[in-house]
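Coordinate inspection notes
Now for the letters of each chain:
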Amino acid sequence: MEVSRVELTNFRNYETAAVGMEPGFNLIVGSNGQGKTSLLEAVYCLSALGSHRAPTAGSMIRHGEERAFVRAKATGAGSGLDVDAEIVRGGGIKVWVNKQRIGKGARDRSLAAILFSPEDLDLIKGGPEQRRRFLDHAAARARPVTTTDRQEFDKALRQRNGVLKAARTNPRALKQLEVWTEQLASTGAAVVTNRLRALGQLLPEVKRRYVDLASAEPPELNYHASWADEQPEPDERAVAETLRQRMAETQARDLEAASTLAGPHRDDLVIELSGSAARLFASQGEQRSLALSLRLAERDVAARVFGEEPILLLDDVFSELDQNRRDRLGELVSTSGQTIATATSAESLPVKGGRTLMVEGGRLSEVG
Ligand SMILES: Nc1ncnc2c1ncn2[C@@H]1O[C@H](COP(=O)(O)OP(=O)(O)OP(=O)(O)O)[C@@H](O)[C@H]1O
Ligand SMILES: [Mg+2]
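Here the structure is a predicted model, which means the values were calculated and not measured. (Residues numbered from 1 in each chain as written. Chains lettered and ligands numbered in written order. Predicted model: local features only at pLDDT ≥ 70, side-chain atom pairs only at ≥ 80, totals over all residues. Heavy atoms only, no water.)

Here we look at the overall build of the protein chain
Test applied: Strands are runs of DSSP state E lasting at least 2 residues, helices are runs of H or I lasting at least 4, and numbering of each runs from the N terminus. This radius of gyration counts C-alpha atoms alone. The globule rule is 2.2 Å times how many residues there are, raised to the power 0.38. Contacts were defined at the residue level, with two residues in contact if any of their heavy atoms lie within 4.5 Å.
Helix and strand counts for the protein chain stand at 9 helices and 15 strands. Its C-alpha atoms give the protein chain a radius of gyration of 22 Å, within 12% of the compact-globule value 21 Å for 368 residues. Once the C-alpha set of the protein chain is aligned to its principal axes, its extents read approximately 70 × 50 × 35 Å. Sequence separation of at least 24 residues holds for 69% of the intrachain contacts in the protein chain that already meet a minimum separation of 6.

Here we look at the environment of Ser38
Keep this limit in mind: Here a polar contact is recorded for every N or O atom pair within 3.5 Å, except that within protein the pair must consist of a potential hydrogen donor and a potential acceptor, and residues adjacent in sequence are included only if both atoms are side-chain atoms.
Tracing the backbone shows Ser38 in helix H1 (residues 36-48). Sequence-wise, Ser38 and Leu213 are 175 residues apart; in three dimensions their C-alpha atoms are separated by 27 Å. If sequence neighbours within four positions are ignored, Ser38 has contacts with Phe11, Arg12, Asn13, Tyr14 and Arg53. Separated by 3.1 Å, the side chains of Ser38 and Arg53 make a polar contact.

Some details on the sheet that holds strand E8 (residues 113-116)
The condition that has to hold: Note: two strands are recorded as paired if DSSP finds a minimum of 2 bridges between them. Axis lines are fitted through C-alpha atoms, for helices just across the contact stretch, and the angle between N-to-C directions can take any value from 0 to 180 degrees.
Within the open sheet, the 6 strands sit side by side as E8-E12-E13-E3-E14-E15. Their pairing is mixed. With partners counted over all chains shown, the strands left at the sheet margins are E8 and strand E15 (363-366), one partner each. The mean inter-strand angle of the sheet, taken between neighbouring strand axes irrespective of direction, is 20°. Note that strand E3 (residues 25-29) and strand E14 (residues 355-360) share 4 bridges and pair parallel. Bridge pairing in E14 places Leu27 opposite Thr356.

Description of the packing of aromatic side chains
Inclusion rule: Paired rings are identified among Phe, Tyr and Trp, the last through its six-membered ring, by centres lying within 6.5 Å, and are further divided according to the angle between planes into stacked (under 30 degrees), edge-to-face (over 60) and tilted (the rest). The rule for a charge over a ring is simple: NZ of Lys or CZ of Arg within 6 Å of the ring centre, and within 35 degrees of the ring normal.
Evaluation of the coordinates by the stated rule reveals 0 aromatic pairs. Directly above the ring of Trp96 sits Arg101, whose terminal nitrogen or CZ lies 5.8 Å from the centroid.

Some thoughts on the packing of helix H5 (residues 177-214) against helix H6 (residues 236-257)
The line we're drawing: By definition in this entry, angles of less than 35 degrees are roughly parallel, angles greater than 145 are roughly antiparallel, angles of 65 to 115 are roughly perpendicular, and the rest are oblique. Two helices cross in a left-handed way if the nearer one is turned anticlockwise from the farther one by less than a right angle. They cross in a right-handed way if the turn is clockwise. Residue classes follow a fixed rule: Ala, Val, Leu, Ile, Met, Phe, Trp, Tyr, Cys and Pro count as nonpolar, while Asp, Glu, Lys and Arg count as charged, and any other residue, Gly among them, counts as polar.
Interhelical geometry of H5 versus H6 gives an angle of 140° and a closest axis separation of 8 Å. The angle between H5 and H6 falls in the class oblique. Pair H5 / H6 crosses with right-handed handedness. Contacts between H5 and H6 involve Leu177, Thr181, Glu182, Leu184, Ala185, Ser186, Gly188, Ala189, Ala190, Val192 and Thr193 from the first element and Glu236, Val239, Ala240, Leu243, Arg244, Met247 and Gln251 from the second. By residue class, the composition of the contact of H5 with H6 is 10 nonpolar, 5 polar and 3 charged.

A closer look at helix H8 (residues 284-306)
How we decide: Here, expected helix span is obtained from the residue count minus one, scaled by 1.5 Å.
Along its 23 residues, H8 runs 33 Å from first to last C-alpha, staying within 8% of the 33 Å computed at 1.5 Å per residue. Gly307, located one to two residues past H8, shows a positive phi value of around 80°.

Here's the deal with the pairing of strand E6 (residues 92-97)
Sheet topology places strand E5 (residues 79-88) next to E6; 6 bridges connect them, and they run antiparallel. Paired with Asp84 across the two strands is Trp96, which belongs to E6. Hairpin remark: E6 followed by strand E7 (residues 100-102), antiparallel, with 2 residues in the connecting loop; positive phi at Asn98, about 45°.

Section: the site of ligand 1
Note the threshold: Put simply, a residue is near a molecule or strand once any heavy atom of it comes within 4 Å of that molecule or strand. Accessible surface area values rest on a Shrake-Rupley calculation with a 1.4 Å probe, where residue burial reflects the displayed protein chains alone.
By nearness alone, 15 residues border ligand 1, and Gly33, Lys36, Thr37, Ser38 and Ile61 come closest of all. In the model, a nitrogen atom of ligand 1 is placed 3.3 Å from a nitrogen or oxygen of the Arg12 side chain. In the environment of ligand 1, an oxygen atom lies 3.2 Å from a nitrogen or oxygen atom belonging to the backbone of Gln34. For ligand 1, whose free accessible area comes to 650 Å², the fraction covered by protein is 70%.

Remarks on the domain arrangement of the protein chain
Operational definition: An automatic or database domain assignment is the source of the domain bounds shown. Note on terms: buried area is the combined drop in 1.4 Å-probe accessible area of two parts once they are placed together, counting the loss on both.
Here the protein chain is partitioned into domain 1 (2-112 + 308-366) and domain 2 (125-278). Here domain 1 and domain 2 have C-alpha centroids that lie 32 Å from each other. Facing the 5 residues of domain 1 at the interface are 6 residues of domain 2. Looking at the side of domain 1 facing domain 2, the largest losses of area belong to Arg325, Arg328 and Leu332, adding up to 70% of the total buried there.

Here we look at the side chain of Thr181
Heads up, the rule is: Partly exposed describes any residue whose relative accessible area lies between the buried limit of under 20% and the exposed limit of over 50%, with all areas from a 1.4 Å probe on protein chains only and scaled to the type maximum.
With respect to the helices and strands, the residue Thr181 is situated in helix H5. For Thr181, a relative accessible area of 12% gives the class buried. Ignoring anything within four residues of it in the chain, the contact list for Thr181 reads Arg160 and Met247.

Concerning unusual backbone geometry
The phi dihedral of Asn98 is positive, around 45°, even though this residue is not glycine. Here the phi dihedral of Ser274 falls at roughly 45°; this positive angle occurs in a residue that is not glycine. Residue placement: Ser274 occurs in the loop between strand E10 (268-273) and strand E11 (276-277).

Side note on the sheet that holds E10
Pairing in this open sheet of 3 strands is antiparallel, and the strands run E9-E10-E11 from one edge to the other. Looking at the sheet topology across the chains shown, the edges are occupied by strand E9 (220-224) and E11. Helix-sheet contacts for H5 involve E9 and E10, and the interaxial angle to E9 is about 170°.

Okay, structure coming up:
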């Protein structure tokens, strides 16, 4: 997939801007605070139907304005794609693809893009929630129905925790516990199985990407289930059974804590380099390379699902990587699909050719 033109109106610090993109490598250069991330965010929001860095779409609207617009022309699977987005203050984001409105459930009909941003360091350094979400998103990209599994699990968990809380003052509430425990086990088993399948697809790609980028030993990735001693197999029935058993064992403690202590909501994806947890021991550059490998792997898997490579958006990726890793990444982006990357300066970037754009105060101009 490739985007050939992007137009912005009242988006972040852009009043109006229009820019053409090359099918291969595109570099956006500019000093801090000029609008580099905002341009990537604009492309990304057509794919994710939301921002990667703001909880509400309204943050993307230029201060003092009521609406923002993003338009893009792209080609996907050999045919043209006209994507229009309107963001209304307090009203979220609406997206049309070839004039047809699409909802979050039909995201796969819009632009396909994978974004690497500095915040992705949290995938490695942050809490387990980020990594669970990474797996859930990867699963949803391959099979959109898995989003429903996740929603049903979240509901069962809320209800079960509600019952555990209510049972403190009203023992009759306990009658409900069995129903929600069963719901939690069955929906939880679906969520866990989706994650394990996603991990199975991602794992070889993550290893390959990391080895390629870092010229080092591959990382290990293991799903740590808070409710089992070993990494479970992606077998929904077996997972449900183990979850059931575990919740029966911990029911007394759950009641005491008024919360479900073990389950898919407490699981983690443990990433190790040379046998040590990357979260605690890997260096800054290693963590960044790992986070990037996760995103690149996500793109590899998505490319198989869609039959073509999603657009790669790389925000400030070259900083903190040593020259070797920059070179490796440079080779990668010059040989695969479309990339839009940002940097504060074009110097020491290993990519030859492509288009370089300069951004200053929300104004874009072509450099060469
Ligand atoms: N809703 C908004 N309306 C107007 N300006 C905004 C809005 N949101 C952010 N900005 C401003 O837009 C400018 C560009 O932000 P952006 O994050 O795109 O910068 P950047 O070029 O990526 O900088 P850096 O190199 O520091 O990452 C910043 O000065 C920011 O304060
Ligand atoms: Mg930025």
